[in-house]
Amino acid sequence: MADLWLISVPLDKPSITSVEKLKHTIAKTNLASYFMFPIPDLKEGILDSLLCLSDDLSNMDILTESVIRSTCQCLRDVTEGSSDKVVENALVNGVDLLRYVTRFQWDKAKYPTTMPLSCLKDLINKDVLQVAKELKSRTSAYNGIKTSLQTLERKLHGNLQNRSLNDIVREEDLVVSEYLTTLLVFVNRWSYFHWESTYECLSDLVVPRSSRKLVEDGEGGIFTVTLFKRAESEFKAKAQKCKFLVREYCFDLEKKMQMEKNQLSVHQKEQYKGFVHWLKINFSELFVAWIHLKALRVFVESALRYGLPVRFQALLLQTTDRKHSKKLEDELSSLFMHLDPTATASKREVGSDIPGLCGQEYLSYICFHINTNVL
C-alpha cells in the first residue's frame, strides 16, 4: 500500500517558494506523487481551546484507526480470510481508499463548516463511538450463531463418539418392547475383541449374541446390544469401567437437532448478508470520519504552529516504497528547515509540551501519516 503523508506549511513567501521547489523535484525525480488537500476555512476559536482540542483530536485519531482496523478484521473473519472480498467490500463512497484520500473534498453536508471546531470534533467522536458499540454487539450476535451452528455440526457430523446417528441407525436396528431395549455402544477399534468376549458378561440380563456392528470409522465402531430394561443402569456402569461408551439416542431428539441446524443455517446466511452490508456501510462512514479528523488536526496544528489568523496550504504526498520515503523525508526537512531551525535532522522525540505531537517525531513542518494499510 502507498505511504501517504499529509503535510501543512504556512502561506509565507519562503514556504511557497519551497513548495514550488518540492513540486519541481517530485516532477523531475518521480520521488512521490502530490495532491492538493483542500481544507475549508473553519471557525478558529481561541488558542486555549485549540490547545485542548489538539490533544482530544490526537486521542480520537488513535481510537478511530483502531475501530477501522476492528471493522476490517470483522470483515476478514466473516468472509473467512478472503483478501479479495475484504478489498471488494472496503470501499469509501464507492471508490477505493487511495482514490478517496487523493481526491478529498470536505463534506459540508455531514460536517458543516459553520460549526465550532469542538462541535465538529464531538460530531465525529459520537459517530465513531456509536459504530464501535454496534460493531461489538453485532459481532457478538453473529459469532453466537456461528458457534451454535458449529456445535451442532460437530454433533451431527463429528466422529462416532459424539456425532448424530440419525442417518446411520434405522428403527429396525433397535428392539424396543415392554421389557427389552437396545443400547448403542461406541467401541474403539483395538477393543473389538474385548467387546465381543465381554458384553454378555456385563449383566445377567443381556440377550446372548445380540450385538451387531452398525458402522465404523477410523477410530472405532457403533455396536448394538439388547438387554432387559431393568438391567440398563447396571450395564452402563460396567461398560464405562471397560471403556465402552454407551451413546444416548432418541429418534425424535436427532430429528430435532437436524431441524435446528437447518434453521440456524438459514439464519446465519441472513445474518451474513446483513452483517457484511453493515460492515461495508460503516467502514465507509468511519474512513470518511477519519480523513475529516486528519483535516481537523492539520487545521488546528497549523493554527497553533503558524499563528492566527490561519493561513496555510495542505498537500498530500504519496510514496510507494521505503527508499523513496526516506529521500522525500530528507528533501522536506531541507526545504522547510526555515520554519523551525531547531528541528534537527535526527528529528528528536517530543514530549507532552507540544500539543498533538506527544510521542511523535518533531518536524519543522506539520506532517500526519495516513495509514492506508488498514486492510
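This structure is a prediction, so every number in the text was calculated from the model and none was measured. (Residues numbered from 1 in each chain as written. Predicted model: local features only at pLDDT ≥ 70, side-chain atom pairs only at ≥ 80, totals over all residues. Heavy atoms only, no water.)

Asker: Describe the overall build of the protein, listing the residues and the values that go with them.
Answerer: For the protein, the helix and strand inventory stands at 9 helices and 8 strands. The C-alpha radius of gyration of the protein comes to 34 Å, more than 25% above the 21 Å expected for a compact globule of 375 residues. Taking the principal axes of its C-alpha atoms as reference, the protein extends roughly 105 × 40 × 35 Å. With 375 residues in all, the protein has 45% of them scored as buried. At a minimum sequence separation of 6, the contacts of the protein that also span at least 24 residues come to 80%. Accessible area of the protein: about 20100 Å², with a carbon and sulfur share of 52%. Side-chain charges of the protein comprise 49 positive and 48 negative groups, with the mean position of each set lying 2 Å from the other. (Helix = DSSP H or I, 4+ residues; strand = E, 2+ residues; numbered from the N terminus. Rg over C-alpha atoms; globule rule 2.2 N^0.38 Å. Buried < 20%, exposed > 50% of the residue type's maximum accessible area, 1.4 Å probe, protein only. Contact = heavy atoms within 4.5 Å. Areas by Shrake-Rupley, 256 points an atom, 1.4 Å probe, with all protein chains shown as cover. Lys, Arg positive; Asp, Glu negative; His and termini not counted. Charge placed at Lys NZ, Arg CZ, Asp CG, Glu CD.)

Asker: Residue-level account of helix α9 (residues 322-335), with values.
Answerer: An α-helix turns once per 3.6 residues; consequently, residues spaced three or four apart project the same way. For α9, spanning 14 residues, the distance from its first C-alpha to its last is 20 Å, which sits close to the expected 20 Å at 1.5 Å a residue. Buried positions along α9 lie against β1 (3-10), α1 (13-29) and β7 (312-319). (Expected span 1.5 Å × (residues − 1).)

Asker: Describe the pattern of salt bridges, with residues and values.
Answerer: Tallied over the entire structure, the rule returns 17 salt bridges. For D56, the salt bridge goes to K121, with nearest N and O atoms at 3.3 Å. Linking D56 in helix α2 (residues 47-78) with K121 in helix α5 (residues 117-157), this pair joins segments that are 65 residues apart in sequence. Classification of D56 as partly exposed rests on a relative accessible area of 32%. A salt bridge links E232 to K236, with the shortest nitrogen-to-oxygen separation between them at 3.1 Å. (Salt bridge = Lys/Arg side-chain N within 4 Å of Asp/Glu carboxyl O.)

Asker: Could you give an account of the confidence of the model for the protein, naming the residues involved and the relevant values?
Answerer: Summarising the model, the protein shows a mean pLDDT of 87, and 91% of its residues fall at 70 or more. Below pLDDT 50 for its whole length, residues 345-359 participates in 31 contacts with residues either more than four positions away or in separate chains. (pLDDT = per-residue confidence, 0-100.)

Asker: Explain the nonpolar core residue by residue, including any values.
Answerer: The biggest cluster of nonpolar side chains holds 57 residues, and the ones touching the most others in it are F37, L117, F287 and I291. Of all elements in the fold, only β1, α2, α4 (97-102), α5, α8 (251-306), β7 and β8 (366-371) reach the threshold of two or more residues within this core. By residue number, the principal contributor to this core is α8, which donates 18 residues. The contacts of F37, once residues within four sequence positions are left out, are L6, V101, F104, I291, A295, A314, L315 and L316. In this structure, I7, L31, L332 and L363 belong to the second largest nonpolar core, which totals 17 residues. (Core = buried A, V, L, I, M, F, W, Y, C linked by side-chain atoms within 4.5 Å.)

Asker: Give me the domain arrangement of the protein: which residues, what numbers.
Answerer: The domains assigned to the protein are domain 1 (3-148 + 267-341 + 361-370) and domain 2 (171-248). The straight-line distance from the C-alpha centre of domain 1 to that of domain 2 is 67 Å. (Domains from an automatic or database assignment.)

Asker: Which residues make up the sheet that holds β8, and what values do they have?
Answerer: Sheet strands pair via backbone hydrogen bonds, and the direction of the pair is either parallel or antiparallel. The 4 strands lie next to each other as β2-β7-β1-β8, forming an open sheet whose pairing is antiparallel. Strands with a single pairing partner mark the edges of an open sheet, and in this sheet they are β2 (33-36) and β8. Direction aside, neighbouring strands of the sheet carry axes that sit 25 degrees apart on average. In terms of strand pairing, β1 meets β8 through 6 bridges, oriented antiparallel. Each residue of the ladder has a partner; that of L6, found in β8, is F368. Along the sheet face, α9 touches β1 and β7 and points at about 5 degrees away from the line of β1. (Pairing = 2+ DSSP bridges. Axes fitted to C-alpha atoms, helices over the stretch in contact; angles between N-to-C directions.)

Asker: Could you give an account of the pairing of strand β4 (residues 212-216), naming the residues involved and the relevant values?
Answerer: Judged from the 4 bridges that link them, β4 and strand β5 (residues 220-228) form a sheet pairing that is antiparallel. Bridge assignment links R212 to a residue of β5, and that residue is T224. Where β4 hands over to β5, the hairpin turn is made up of 3 residues, counted between the paired strands.

Asker: Which residues make up the packing of aromatic side chains, and what values do they have?
Answerer: One pass over the full model with this rule turns up 15 aromatic pairs. Consider the rings of W195 and F244, whose centres lie 5.1 Å apart with planes at 90 degrees: the pair is edge-to-face. Within this pair, whereas W195 is found in helix α6 (residues 192-198), its partner F244 is found in the loop between α7 (232-241) and β6 (245-247), the two being separated by 49 residues in sequence. Across this residue pair, the class does not change: W195 and F244 are buried. Here the aromatic cluster, defined as three or more aromatic residues joined through ring pairs, consists of F37, Y100, F104, F283, F287 and W290. (Phe/Tyr/Trp six-rings, centres within 6.5 Å; stacked < 30°, edge-to-face > 60°.)

Asker: Before we move on, can you summarise the sheet that holds β5 with the specific residues and values?
Answerer: Here 4 strands make up an open sheet; going across it, the order is β4-β5-β3-β6 and the pairing antiparallel. The sheet is open, and its two borders are formed by β4 and β6, each paired with just one other strand. Neighbour to neighbour, the strand axes of the sheet diverge by 35 degrees on average, direction disregarded. Most of the contacts of α7 go to strand β3 (residues 180-188), to which it runs at about 5 degrees, and overall it touches β3, β5 and β6.

Asker: With reference to specific residues and values, describe the state of the cysteines.
Answerer: Across all of its chains, the model carries 0 disulfides by this definition. No disulfide involves C201; its sulfur sits 9.6 Å from the nearest other cysteine sulfur, which is in C242. With a relative accessible area of 59%, C201 lands in the exposed category. The exposure class assigned to C242 is partly exposed, which follows from its relative accessible area of 26%. (Disulfide = S-S within 2.5 Å.)

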